[in-house]
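One letter stands for each residue in the lines below.
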Amino acid sequence: MRADRLMSIMILLQNRGKMTAKELANELEVSDRTIHRDMDALTNAGIPIVSQRGKEGGWHLLDNFRSKLNGLNIDDMKSLFLFPSAELLEDLGLNNLLLDTREKLLAAIPDIYRDEAQAMWERIHIDSSTWRQSKEKKDALNIVQQAVWDSKKLKIHYEQLGGEQKERLIEPLGLVAKGNKWYLVATRNGELRNYRVSRIHHAKVENETFRRPLNFNLATYWEQSKVEFVQNLPKYDVQVEIHTEIINRINFTGKFVKVIKTENPNRDKWIPATLRFNDKQEAIEFILGFASKIKVVSPKDLPEKVVSLATSVIDFYNNE
């Protein structure tokens with residue numbers, strides 16, 4: 001793209017001092033005529049480029065001039081305006097700076113990039129919140145954040161899955177926003193662990209500092225952690241036949257069930273499919289919810305369990 005080439009010209013002149021049109025053309029793999037047109041464009045954009053004629057001549061930037069945001073191409077520049085969700089910035093106490101930061105950044109970039117950067121700002125908005133807001137408790141987030149910045153040990157009261165709270169002394173390495181939820185990555189007894197910030201009921205920054213693990217990369221670790229988490233999730237697969245009337249509803253309810261595969265409808269308009277649940281009870285309740293529109297093929301004992309649950313529901317309401 002031309003904008004990238006113009007920036008490359010400024011970087012080359014800044015780093016090498018002076019270059020001829022032929023040297024620039026060879027470096028950027030364009031013609032001399034293209035370089036001359038680019039120089040006119042840079043001059044019109046207010047970049048102080050001077051042409052010196054003669055044997056030792058060439059193009060150079062005026063003394064003490066430095067291009068802003070060195071080395072960034074047009075895609076880099078656009079990405080700078082893809083700010084994270086305002087909700088996440090608010091959690092970190094940075095939301096009030098969002099507009100001012102964007103304005104400063106827009107004013108700082110070269111004119112040749114400004115229009116495209118402005119367009120990115122106006123056309124892309126990132127919102128990590130859910131449709132139905134269920135704001136998690138993040139009372140400990142500020143304290144956790146302080147410990148992360150200062151590399152100080154952190155004493156927390158952490159709620160286990162069963163509701164029991166336990167005291168932990170940890171070494172906080174970083175914060176990760178997953179959707180609209182915050183997770184703390186920390187070491188405890190030399191092992192890397194993830195803590196959901198909303199389950200931290202009390203946190204205290206200790207005076208003792210710690211050394212971060214060598215070569216630890218937060219983003220790399222988190223991606224590996226996600227893969228391991230998904231691989232270790234419990235799973236219960238069910239072979240079924242789904243009536244064509246509800247297949248779209250099944251595909252839409254991905255939060256509750258994963259459709260592993262589907263086949264073409266048979267003569268009776270039933271679609272063979274494999275559904276994956278977390279456990280048997282979840283499968284029973286889900287299948288019962290679609291009444292006569294889902295047939296269980298296997299496991300063989302599952303239809304009996306569905307009937308048993310349906311019977312208990314009928315008995316419950318008959319006795320009310």
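Keep in mind it's a predicted model, so treat the numbers as computed, not measured.

Student: Can you walk me through the overall build of the chain in this structure?
Tutor: For the chain, the count of helices and strands is 12 helices and 12 strands. When the 320 residues of the chain are sorted by exposure, 36% land in the buried category. Within the chain, contacts between residues separated by at least 24 positions form 61% of all contacts whose residues are at least 6 apart in sequence.

Student: For this particular structure, what's the right way to read the layout of surface pockets?
Tutor: Any empty space left between the atoms is revealed when a probe the size of a water molecule rolls over them. Within this model, the largest pocket holds a volume of roughly 740 Å³. Listing elements by their share of the lining of the largest pocket, those giving two or more residues are β4 (152-159), β6 (181-188), β7 (191-196) and α9 (218-231). Ranked by residue count, the leading element in the lining of the largest pocket is α9, at 6 residues. Here the residues of the lining of the largest pocket sort into 9 nonpolar, 5 polar and 6 charged.

Student: I would appreciate a short explanation of the sheet that holds β7 in the present structure.
Tutor: Note on sheets: strands pair through backbone hydrogen bonds, and any given pair is parallel or antiparallel. Ordered by their spatial adjacency, 5 strands build an open sheet running β7-β6-β5-β4-β8, and the pairing between neighbours is antiparallel. Both edges of this open sheet fall to β7 and β8 (200-209), since each of them pairs with a single strand only. Geometrically, the sheet is characterised by an average inter-axis angle of 45° between neighbouring strands, direction not taken into account. As judged from the 6 bridges shared by β4 and β8, these two strands associate in the antiparallel manner.

Student: Help me understand the packing of helix α2 (residues 21-28) against helix α3 (residues 32-44), please; the structure alone is not making it clear to me.
Tutor: Angle between the axes and distance between the axes are the two parameters that describe a pair of packed helices. One can describe the packing of α2 onto α3 by two numbers: an axis separation of 8 Å at closest approach and a directional angle of 105°. Judged by the inter-axis angle, α2 sits roughly perpendicular to α3. When α2 is examined against α3, the residues Ala21, Lys22, Leu24, Ala25 and Leu28 are found in contact with a partner set consisting of Asp32, Ile35, His36 and Met39. Considered class by class, the residues forming the contact of α2 with α3 number 6 nonpolar, 1 polar and 2 charged.

Student: For this particular structure, what's the right way to read the environment of Arg16?
Tutor: Assignment of secondary structure puts Arg16 in helix α1 (residues 2-16). Here the alpha-carbon distance between Arg16 and His60, two residues 44 residues apart in the chain, equals 8.8 Å.

Student: Is there a simple way to think about the packing of helix α11 (residues 280-289) against helix α12 (residues 302-318) in this case?
Tutor: Where α11 meets α12, the axes come as close as 9 Å, and the angle between the chain directions of the two elements is 65°. Compared by their axis directions, α11 and α12 come out roughly perpendicular. Note on packing geometry: the crossing formed by α11 with α12 is right-handed. On the side of α11, the interface is formed by Lys280, Ile284, Glu285, Ile287 and Leu288, while α12 contributes Leu302, Lys305, Val306, Leu309 and Ala310. Its residues placed into classes, the contact of α11 with α12 shows 7 nonpolar, no polar and 3 charged.

Cut-off values and rules
- Residues numbered from 1 in each chain as written.
- Predicted model: local features only at pLDDT ≥ 70, side-chain atom pairs only at ≥ 80, totals over all residues.
- Heavy atoms only, no water.
- Helix = DSSP H or I, 4+ residues; strand = E, 2+ residues; numbered from the N terminus.
- Buried < 20%, exposed > 50% of the residue type's maximum accessible area, 1.4 Å probe, protein only.
- Contact = heavy atoms within 4.5 Å.
- 1 Å grid on protein atoms, 1.4 Å probe; cavity = no way out; pocket = protein on both sides within 12 Å on 5 of 7 lines; lining within 4 Å.
- Points joined across faces, edges and corners; volume = space filled by probe spheres on them.
- Nonpolar A, V, L, I, M, F, W, Y, C, P; charged D, E, K, R; others polar.
- Pairing = 2+ DSSP bridges.
- Axes fitted to C-alpha atoms, helices over the stretch in contact; angles between N-to-C directions.
- Parallel < 35°, antiparallel > 145°, perpendicular 65-115°, else oblique.
- Left-handed = near helix turned anticlockwise from the far one by under 90°.

Coordinates in, geometry out; function isn't part of it.
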